[in-house]
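Analysis of the macromolecular model
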Amino acid sequence: MNELKTLTLRRPDDFHLHLRDGEYLAAVLPFTARQFARAVVMPNLKPPVTTVELAGAYRQRILAALPGAQHFEPLMTLYLTNNTTPAEVRKARDCGFIVGCKLYPAGATTHSDAGVTAIEKISPALEAMQECDLVLQVHGEATQSDVDVFDREAIFIDRTLSILTERFPALKIVFEHVTTRQAVEFVQQARAGVAATITPQHLLHNRNAIFQNGIRPHYYCLPVLKREADRQALLTAATSDNPRFFLGTDSAPHAQHTKETECGCAGMFSAHAALELYAEAFEQAGRLDRLEAFASERGADFYGLPRNAGHVELERVNWVPPKHYQFGKDQLVPMRAGETISWRFRSEQPA
Ligand code: NCD
Ligand code: ZN
């Protein structure tokens, strides 16, 4: 059989992305804008993006940081806190550039100390989101100290998410960066209006990657990588024809010295090779034909956005990402640094 040499896709979107701010933003934004037409930009800045005003200002900084010729639409989301009001939610709906609100359980991940301490606290905001048709994006991990780090996602489903989906039956919910078989099964069986994003690292790696001949901080992200059986379940879901699973890279850049240290940050940077990494995963499953639906159709459909015009192309060419990219005054170690990737992003094709 002839090996496929090029792959043409409708221009894709990234439904879960960390862009940071200032010189870090300027350093990483071009990678995403090159491949994706739009991205949901996560609001976990310090301080977090909790109001429409802050989101509008952040959006302007993103647009200002875009290299001249690139077209890219940041889709903004508000960071939910115990104090988010229904009035702010309605304002978010009316502003036209906010697509949802992000739920970070307090203490779950990078910059989540302002997060929600109990679902009851945000019931009024969730009611308003349901009325306004805004999407709830959920970081689904239980943060109680007695919960094992590898069980955080499964326990969150039982203790919180299953209740939330029933208590707000018309709320659109994205279970972000799912990592376990339990999460896949939950999303498959949930009511209409529940979907999930999947990252490239969780499709390509299991938790052994963190401990390969020593401790590997660049494979540490949250939710943490899981077992091989979980990876297989994610790969099967992503490459199935189920419209509930779509692309969200969770590309999360951190300066090299903040990861290679005694208490390293969580997050993997994949924006430099996002589509290529997904292509490798889909090829592993023998389902390159499903990549376009996953990357360019299902997410837009779920969010009620038009699918993008224009196309992008990947070619089967080996290339090696550098050991690091410049990241403001710091350095950033990308996924697959110094190692071969077997697909390469070529260009944006005219619409
Ligand atoms: C993200 C970050 O660094 O902002 N880190 C990560 O490991 N994914 C936060 C997050 O999405 O949990
Ligand atoms: Zn994230």
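Everything below is about the structure shown above.
Attention in this report is confined to the structure presented alongside it. Computed from a predicted structure; not experimentally measured. Per chain, the residues get numbers from 1 upward, laid out in the order the sequence is written. Written order determines the labels here, with chains lettered from A and ligands numbered from 1. Per-residue local features are limited, in this predicted model, to residues with pLDDT of at least 70; the limit for side-chain atom pairs, both in listing and counting, is 80 or more; totals at the level of whole chains, interfaces and linings are taken over all residues. Heavy atoms throughout the structure, all of them, feed into the side-chain values; hydrogens and water do not.

1. Observations concerning the coordination of the zinc ion (ligand 2)
Which entries qualify depends on this criterion: Distances up to 2.8 Å from the metal define which N, O and S atoms are donors, and 3.2 Å serves for Na, K and Ca; water is absent from the atom set, so sites may look incomplete. In this text, helices come from DSSP runs of H or I with a minimum length of four residues, and strands from runs of E with a minimum of two, each type numbered from the N-terminal end. Under the scheme applied here, a residue whose accessible area is under 20% of the maximum for its type counts as buried, over 50% as exposed, and between as partly exposed, the area being computed with a 1.4 Å probe on protein chains only.
At 2.0 to 2.1 Å from the zinc ion (ligand 2) lie its protein donor atoms, namely H16 (NE2), H18 (NE2) and D250 (OD). For the zinc ion (ligand 2), the donor residues sit on a single chain with the sequence spacing H-x1-H-x231-D. Of the two residues, H16 sits in strand β2 (residues 13-17) while D250 sits in the loop between β9 (245-247) and α9 (256-259), which places them 234 residues apart along the sequence. By relative accessible area, which is 0% here, H16 ends up buried. Accessibility expressed as a relative area gives 6% for D250, which makes it buried.

2. Here we look at the site of ligand 1
Our working definition: Throughout, near means a residue has at least one heavy atom within 4 Å of the molecule or strand. The definition of a polar contact used here is a pair of N or O atoms within 3.5 Å, where within protein one atom must be able to donate a hydrogen and the other to accept one, and adjacent residues in sequence count solely through side-chain atom pairs. A 1.4 Å probe and the Shrake-Rupley method give the accessible areas. Residues count as covered only by the protein chains that appear here. Every definition here rests on a 1 Å grid over the protein atoms only: cavities are sets of points where a 1.4 Å probe fits but cannot get out, pockets are open sets enclosed by protein on both sides within 12 Å along at least five of seven lines, and lining residues have some atom within 4 Å of a point. The way we define it, a molecule is inside a pocket or cavity when more than half of its atoms are within 2 Å of that pocket's grid points.
Every one of the 15 residues lining ligand 1 counts as a neighbour, but N44, T109, L222, D250 and H254 are closest to it. One of the side-chain N or O atoms of H18 is found 3.0 Å from an oxygen atom in ligand 1. If ligand 1 stood free it would expose 320 Å²; the protein chains cover 100% of that surface. Among the detected pockets, ligand 1 sits in the largest cavity.

3. Remarks on the pairing of β2
We apply this condition: Note: two strands are recorded as paired if DSSP finds a minimum of 2 bridges between them. Handedness rule for crossovers: strands pointing away from the viewer, path from the first strand over the helix to the second running clockwise, crossover right-handed.
Across the five residues that make up β2, a large majority, five, are buried. Relative to strand β3 (residues 38-41), β2 runs parallel, the two being bridged by three bridges. In the sheet register, L17 faces β3, and the bridge partner there is V41. For the crossover that starts at β2, traverses helix α1 (residues 22-35) and ends in the parallel β3, the hand is right-handed.

4. Observations concerning the nonpolar core
We apply this condition: Each nonpolar core is a collection of buried residues, namely Ala, Val, Leu, Ile, Met, Phe, Trp, Tyr and Cys, held together in the definition by side-chain atoms within 4.5 Å. The contact criterion used throughout is that any non-hydrogen atoms of two residues lie within 4.5 Å.
In terms of nonpolar packing, the biggest core is built from 101 residues, with L80, L126 and L136 touching the most fellow members. Leaving out residues up to four positions away in the same chain, L136 has contacts with L80, C101, L103, L126, M129, L164, L171, K172, I173 and V174. Membership of the second largest hydrophobic core comes to 13 residues, among which are V40, L75, V174 and A195.

5. A word on helix α4 (residues 123-132)
Counted residue by residue, α4 has seven buried out of 10 residues, so it is predominantly covered. All of the buried residues along α4 are S123, A125, L126, A128, M129, Q130 and C132. A positive phi of about 60° marks D133, the residue just after α4.

6. Here we look at helix α8 (residues 228-238)
Among the residues making up α8, those that are buried are D230, R231, A233, L234, L235, A237 and A238. In the core, the buried residues of α8 are packed alongside α6 (181-189), β8 (194-198), α7 (200-204), β9, α10 (274-284) and α11 (291-303).

7. A short note on the environment of R181
Along the polypeptide, R181 turns up in helix α6. Ignoring any residue separated from it by four or fewer positions in sequence, one finds R181 in contact with D230 and A233.

8. Concerning the pairing of strand β5 (residues 98-103)
Taken across its six residues, β5 has six buried, putting it largely inside the fold. As a crossover connection, the stretch from strand β4 (residues 73-79) through helix α3 (residues 86-95) into β5 is right-handed. Once you follow β5 into α4 and on to strand β6 (residues 135-138), the crossover reads as right-handed.

9. Thoughts on the packing of aromatic side chains
The condition is simple: What counts as a ring pair is set by centres within 6.5 Å for rings of Phe, Tyr and Trp (its six-membered ring), and what kind of pair is set by the plane angle: stacked under 30 degrees, edge-to-face over 60, tilted for all other angles. A ring is considered to have a charge above it if a Lys NZ or an Arg CZ atom is located within 6 Å of its centre and within 35 degrees of its normal.
Evaluation of the coordinates by the stated rule reveals 12 aromatic pairs. Ring geometry for F15 and Y303: centres 4.8 Å apart, planes at 20°, overall stacked. Here the residue F15 occupies a position in strand β2, and Y303 occupies one in helix α11, the gap between them amounting to 288 residues. Overall, the relative accessible area of 10% leaves Y303 in the buried class. Put simply, the rings of F15, F246, F302 and Y303 pair up and form one aromatic cluster. It is K172 that lies over the ring of F302; its NZ or CZ is 5.6 Å from the centre. A cation over an aromatic ring shows up here: R207 above the ring of F150, its NZ or CZ 4.4 Å from the ring centre.

10. Quick word on empty space enclosed by the protein
The condition that has to hold: Grid points are joined across faces, edges and corners, and a volume is the space filled by probe spheres set on the points.
In this structure the tally under the stated criterion is three cavities of 30 Å³ or more. The space that makes up the largest cavity amounts to roughly 110 Å³. Taken together, 16 residues form the lining of the largest cavity, with H18, T109, T110, L222 and D250 sitting closest to its centre.

11. Points about the sheet that holds β3
Picture the strands of a sheet paired through backbone hydrogen bonds; they go either parallel or antiparallel. Selection rule: The convention used is that axes are lines fitted to C-alpha atoms, helices contributing only their stretch in contact, and that angles between N-to-C directions extend from 0 to 180 degrees.
Taken in spatial order, the eight strands line up as β2-β3-β4-β5-β6-β7-β8-β9 in an open sheet, and their pairing is parallel. Every interior strand has two partners, whereas the edge strands, β2 and β9, have only one. For this sheet, the mean inter-axis angle between neighbouring strands, taken without regard to orientation, is 30°. On the sheet, helix α2 (residues 52-65) packs against β3, β4 and β5 and is oriented at approximately 150° with respect to β4. Packed onto the sheet, α6 meets β7 (173-175), β8 and β9 and runs at close to 145° relative to β8.

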